[in-house]
Every structure is written in structure tokens, then in C-alpha cells.
Amino acid sequence: MSLTNRDLVTIDDLSNEEMEALFCLADEMADSTDAQYGLCRGKIMATLFFEPSTRTRLSFEAAMLRLGGSVISTVDVGATSLAKGESIADMAKVVGSYADIIVIRHPWEGAAKVVADYAGIPVINAGDGGHEHPTQTLCDLYTIRKERQTLKGLRIALWGDLKHGRTIHSLIYALARLGASILFCPGSGLELPEHVMRRLNTEYRGELKKCGHLNHGPDRKLFPIDAMYITPTSHHQLAMLPDISLNVELQAGVDALYVTRLQKERQAPTTDPQERKKYPVVDKELLKGKEFEKTLVMHPLPRVDELAYEIDSDPRSKYFKQAAHGIPVRMALTAMLLGARVVSISSKYPSFAHKVEYPIYRRHSGVRCSNLNCVSNQETETKYIKPEFTIVSDEPLTLRCIYCQHELYPEYVASSDWHQGTLEHKKYHSARSRWTKKIRPENLIVFASEDEARAWQSGNGACTKE
Ligand code: NCD
């Protein structure tokens, strides 16, 4: 199996078998780090970090140096031509001609995909806004796998800022694919984004249930579970008995508690000084709970106040080990993408049909991604990026941005193949009308507003196909 010349933009770019092969190689590299020197001799890694980073950038650079390669780096937008108004695509093309592999961190969601589309060399997403951070997920899975041998059937609790945490978003999809159950414990107002919930609900075969309304007794204040995803390998009938299922899950214990900090750089500054104090904290008191007896306490780091220092010496705390695993995991990934190592597939993790194919919508009308932080909405990038979506549902009509995965529910639609091609039949419709289902995806036109739909109907609107 070869990952040569592939990109890692989202965790779904790797199949379960490929992840397992990567972990096996990481094991080998961890056991013989010195012997790997020279594997990537003559190769150059460009690390482009336009957001703060300690672990991710340094572990990628250390990984490349341990493989005998070299590193060129930039860590400040202000020091690059992006500050002069250069587009990400132009930067990608240029850096792609200087280096053999790019690692990019950028505050805009979808920026890593744009770099991958234009660089012509392998690109690794080291975090794009609040979207995804797939290599952190590889480190997280590798840590759990080392401690528990398998992910299948485990119960993993995700804690803190589930709304903005990109590590959480990548991790959720991987856990679902690998057959783990997930307990969601968000801070107040920091629940999973709707589009992530929806994907979990529709594309994985488990059961997802909101359970915030259930009465779980006083101890639930310490461990505030708001939703759970039960893997299909579990025998619980969540839909019928959510309360009982939750208690059964908890009695069996939580295998890992994955804590995250409040991503304050991704939300509007709060005027309420109490807000930060309300953020849930993992400390000795919480870990006294019976369900945490054998729990691995994890955190992608950096921590702020959400994880008490008093538990650092507790044998259940694994977060510094998790950070250390960044070296072998990123060595293995770099060597595989550069074609320096080709490994065989293990059948231990069977493939999970997670890549659902949807029709594409790329007609150039006024409709844009609803996420203002999406790369497709940035002034420097709109000159060449045309909004593009997958049509994930026709009831209600739902388009998913291919850059950031945010969803859009257009209100007005039409067909480019209107009845008999006569102007009196050229009509737009409400997206909720029965006509929407009848329009074939390749003929679908969606409008950003009723004015735009009217203009199209009267023959003045421009809705061209790419
Ligand atoms: C994470 C990130 O950047 O998203 N850090 C990391 O890469 N280990 C988590 C965070 O910043 O909270």
C-alpha cells in the first residue's frame, strides 16, 4: 500500500487500514529512531504556520530532521507575501516548487485544501481554523491504541469546547469509523456544530442521541453529558432506552476522557467575566468517580485552566505521552507521503464505508458558503475559488461546502432544463416545494435570494455551469 504523493487534509483522507499501517510504522520508528536517519535525505519540508504552534510545528520539524531531511519554515503571515495580498493558491504554487512536502496551519477553514489543490506536492493540514486537525487525531488514536490495543468498543468522552475545537472534529469521525462510542461533554454553549452532528448522524451507522434533557442525578453536574453516539457494534438500543443506555455505558467505565481548552481565539470576545469561570474543569474530584477508575486522561495541549495540574502525576494522565507520540507518528506520515516507506495493509481494522459519494453543485450563482471564516469567502481568494458544494440531502435541500463542510439550506431553486425550454415554463420554486426532488442534480440551480431567482426567471440572472 502506498500513500506516496497523497495529501492529508481531513482525517477521511486515510482509510482505517492506512491509519493502522501508519501506526505500525510509527511503532517501528519509535523503537529504532536513529536507524531512520537518511530515509528522507535530500528532501525538504516547508512548514507554514500562520497561527501559534509549539507541538505541531516542532514535532513535524523534528520528525523531518530525524529522517535526515531539511526544513524551511515561516511562522508569521506578516513576514510573507500573504500580507501584501497574495492569494493562498499563488503561495502554494511557489512553495510547491521549493519543497517536497508542505505542512500548513492557517486560521481560515478550508485553507489547507486550497494549498493541496495548487501545490503539486503532498500537503498536510496542521489545523485550518476550527475545521480539522487530522495529525493531532493520529497522535490521539495512536496513544489510545498503545494503551488499550484497540479502539473498537471503547467509550471515549470528549470534554470542553466541542464547537470550535478542530482536534475534536477530526477525532469524532475517526472514532466513529473505528467503532468507538462517544460521550459528548461540552461547556455551556460549546456543543458540537450542527453540521458535524448531522454528518455523524447520517454517515456512520451508530446511533446519536441528545440526552441533555434526561435527569441523571446530581453527579451529572460533575460530568455533564449532553449527547452520546453509540457505535453499531454495541448492543444497546439507544433510541428506545437512552437513559438506561447512558447508565450502562457509564457503569462499564469511560476508557478515555479527552479534554480541550476553550478556543477563545475562535469566538467573539465575551463581555461576561464569569463566562470563563463556567468552563468545565477536570480535576481530582471528578476523577474520583467510579466511571473514571481506568480512564486515560488526554488533552491535545496547550492546557489553560480546564485540566488541573494536581492530576499530572496521576498514572491515568497521558497528555505528555500523547504529545511525545507526535514524533514517531509524524515521522511515519512524512516518510509515507514522500514515498520513502511503503507498508503493507493489516486486516485488523476492516474498512468502514465512510466516504459517501454525493452529487456536486458547482454552478456559479450568487450562493456562497454560510461560514464567514471559510477560505471561499475571503477577498484574496474569491478571485479564483468558485464556491462548490456537495448536495447531501434534498429534504430539506442541503448543500455542504467542499472547503469547510458547513451546510447551507437554500430557499429558492430552479431547473436549468425547464419544461419544453419555453420561457413561460422558466420558473423558480421554493426549495420546500415538491419540485425540488424532481430536479436532477446536474440541472439544479439554487439562488441566494428571491431577487436573484426572479432575475434568473426574467432572463437577467447569470447562473452558469462551470
Ligand atoms: C491544538 C490545536 O492547535 O488545535 N493544539 C495542538 O495542535 N496540539 C489544540 C488547541 O490549540 O487547543
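In what follows, the structure referred to is the one given above.
Residues numbered from 1 in each chain as written. Predicted model: local features only at pLDDT ≥ 70, side-chain atom pairs only at ≥ 80, totals over all residues. Heavy atoms only, no water.

Asker: If you had to explain the environment of Cys40 to someone new, which residues and values would you point to?
Answerer: Following the sequence through the fold, Cys40 ends up in the loop between helix H1 (16-31) and strand E1 (44-49). Given a relative accessible area of 1%, Cys40 falls into the buried group. Along the backbone, Cys40 and Leu338 are 298 residues apart, and their C-alpha atoms lie at a distance of 7.7 Å. Every residue in contact with Cys40, bar those within four places of it in the chain, is listed here: Met64, Leu67, Gly68, Gly69, Ala335, Leu338 and Ala340. (Helix = DSSP H or I, 4+ residues; strand = E, 2+ residues; numbered from the N terminus. Buried < 20%, exposed > 50% of the residue type's maximum accessible area, 1.4 Å probe, protein only. Contact = heavy atoms within 4.5 Å.)

Asker: If you had to explain the site of the ligand to someone new, which residues and values would you point to?
Answerer: Contacts to the ligand come from Thr56, Arg105, His133, Gln136, Arg166, Thr167, Arg261, Gln263, Pro300, Leu301 and Pro302. Within the contact set of the ligand, an oxygen atom lies 2.8 Å away from a side-chain nitrogen or oxygen of Arg166. Considering the ligand on its own, with 320 Å² of exposed area, one finds that the protein chains cover 94% of that surface. Class assignment for the residues of the shell around the ligand results in 3 nonpolar, 5 polar and 3 charged. (Near = heavy atom within 4 Å. Polar contact = N/O pair within 3.5 Å; in protein donor to acceptor, adjacent residues only side chain to side chain. Areas by Shrake-Rupley, 256 points an atom, 1.4 Å probe, with all protein chains shown as cover. Nonpolar A, V, L, I, M, F, W, Y, C, P; charged D, E, K, R; others polar.)

Asker: Run through the packing of H1 against helix H5 (residues 134-148), naming residues and quoting values.
Answerer: One way to put it is that H1 packs onto H5 with a least axis distance of 11 Å and a crossing angle of 75°. In this view, H1 runs roughly perpendicular relative to H5, as classed from their interaxial angle. Facing H1, whose interface residues are Met19, Glu20, Leu22, Phe23, Cys24, Ala26, Asp27 and Ala30, H5 presents Leu138, Leu141, Tyr142, Arg145 and Lys146. Taken together, the residues that form the contact of H1 with H5 break down as 9 nonpolar, no polar and 4 charged. (Axes fitted to C-alpha atoms, helices over the stretch in contact; angles between N-to-C directions. Parallel < 35°, antiparallel > 145°, perpendicular 65-115°, else oblique.)

Asker: Let's hear about the pairing of strand E3 (residues 101-106): which residues, and what values?
Answerer: Regular strands place side chains that alternate from one sheet face to the opposite one. E3 sits mainly inside the fold: 6 of its 6 residues count as buried. Taking every second residue as pointing to the same face, both faces of E3 are buried, with Ile101, Val103 and Arg105 on one and Ile102, Ile104 and His106 on the other. The pairing of E1 with E3 spans 5 bridges and is parallel. When the bridges of E3 are listed, Leu48 appears paired with Ile104. (Pairing = 2+ DSSP bridges.)

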